[in-house]
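If you want the building blocks of each chain, they are given just below.
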Amino acid sequence: MFHTQRMRSCPSSHPFLKNYVRAMACGGGPPTHGSGPDLACGKSLASLTATITVTRAACPIQPLPPITDPAALLFENNPRRSDTICLVPAMSTALSCLLTAATNAGGTPSVGSACRPAAYNRHLGNVWTKWVKELRDNNNPACAALRSEVKTHFNGHGLLRSQRPVPNSKHITGEAVDVTIRLPSAQIDTLVAGCQLRRPLPVKDRVHFIRR
Ligand SMILES: [Zn+2]
């Protein structure tokens, strides 16, 4: 390993430092000394390039598991996709009732997530855990690429730090639906009760409805 101490003692114009900066800028770790002769401050950039090998330290955090399920990929490629076709019949009826009631009350309802393939739900859980627990506060340069990738997923799926996607979501079985309604909370609860629906988490997850 080329000693940091010696490197720091080189003038800033020195080719090794230029190379060092370049190696860092390319996403690798600091260049390490190869098996060649000791690198002295007087070497030319060409000879340094020949003897320095840049080693990229591996990020200790595992990458996101890839999505292979075709149904899950439809959602992955369009995170705002809303699929109400596979809701169980009772939920489908309740949703129609809710949309009519909320519209009549001036709540301009909009349906968000309805049915969700199991593999997609798993992906959401993976993204949440990777971002919130492993990468959000991670400043290891070796993890920078993974961090930015996971952040893109987290934001793209509209996930919230306060709300971890649950593994056994009723969305998977077509028994839950997310509906945004622009009405006061108490009014929403009265209105949905008439449609045999309720909100299990009216504060933490105000858009999530299941059957009573
Ligand atoms: Zn994703």
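Residues numbered from 1 in each chain as written. Predicted model: local features only at pLDDT ≥ 70, side-chain atom pairs only at ≥ 80, totals over all residues.

Trainee: Which residues make up the pairing of strand β6 (residues 208-211), and what values do they have?
Mentor: Both strand β4 (residues 176-180) and β6 contribute to a ladder of three bridges, which runs antiparallel. Bridge pairing links Val 177 to Phe 209 in β6. Bridge analysis of strand β5 (residues 197-198) against β6 gives two bridges, and the strand direction is antiparallel. Bridging from a neighbouring strand, Leu 197 pairs with Arg 211 of β6. (Pairing = 2+ DSSP bridges. Helix = DSSP H or I, 4+ residues; strand = E, 2+ residues; numbered from the N terminus.)

Trainee: Can you explain the packing of helix α6 (residues 118-135) against helix α7 (residues 144-156)? Please cite residues and give values.
Mentor: Where α6 meets α7, the closest approach of the two axes is 9 Å, and the angle between their N-to-C directions is 130°. Classed by the angle they form, the pair α6 and α7 counts as oblique. Crossing angle aside, the handedness with which α6 passes α7 is left-handed. Residues Val 127, Lys 130, Trp 131 and Leu 135 of α6 lie in contact with α7, whose contacting residues are Leu 146, Arg 147, Val 150, Lys 151, His 153 and Phe 154. The class makeup of the residues in the contact of α6 with α7 is six nonpolar, one polar and three charged. (Axes fitted to C-alpha atoms, helices over the stretch in contact; angles between N-to-C directions. Parallel < 35°, antiparallel > 145°, perpendicular 65-115°, else oblique. Left-handed = near helix turned anticlockwise from the far one by under 90°. Contact = placed C-beta atoms within 7 Å. Nonpolar A, V, L, I, M, F, W, Y, C, P; charged D, E, K, R; others polar.)

Trainee: Tell me about the nonpolar core, and please be specific about residues and values.
Mentor: If you look at the biggest cluster of nonpolar residues, it comprises 18 residues, and the most contacted ones within it are Leu 98, Val 177, Val 192 and Phe 209. At the level of elements, α5 (89-104), β4 and α8 (185-193) are the ones that each hand at least two residues to this core. Of all the elements, α5 adds the most residues to this core, at five residues. Residues within four places of Val 192 in sequence aside, it is in contact with Leu 98, Leu 197, Arg 198 and Phe 209. Counting residues in hydrophobic clusters, the runner-up holds nine residues, among them Phe 75, Tyr 120, Leu 124 and Val 150. (Core = buried A, V, L, I, M, F, W, Y, C linked by C-beta atoms within 7 Å. Buried ≥ 20, exposed ≤ 12 C-beta atoms within 10 Å, placed from the backbone.)

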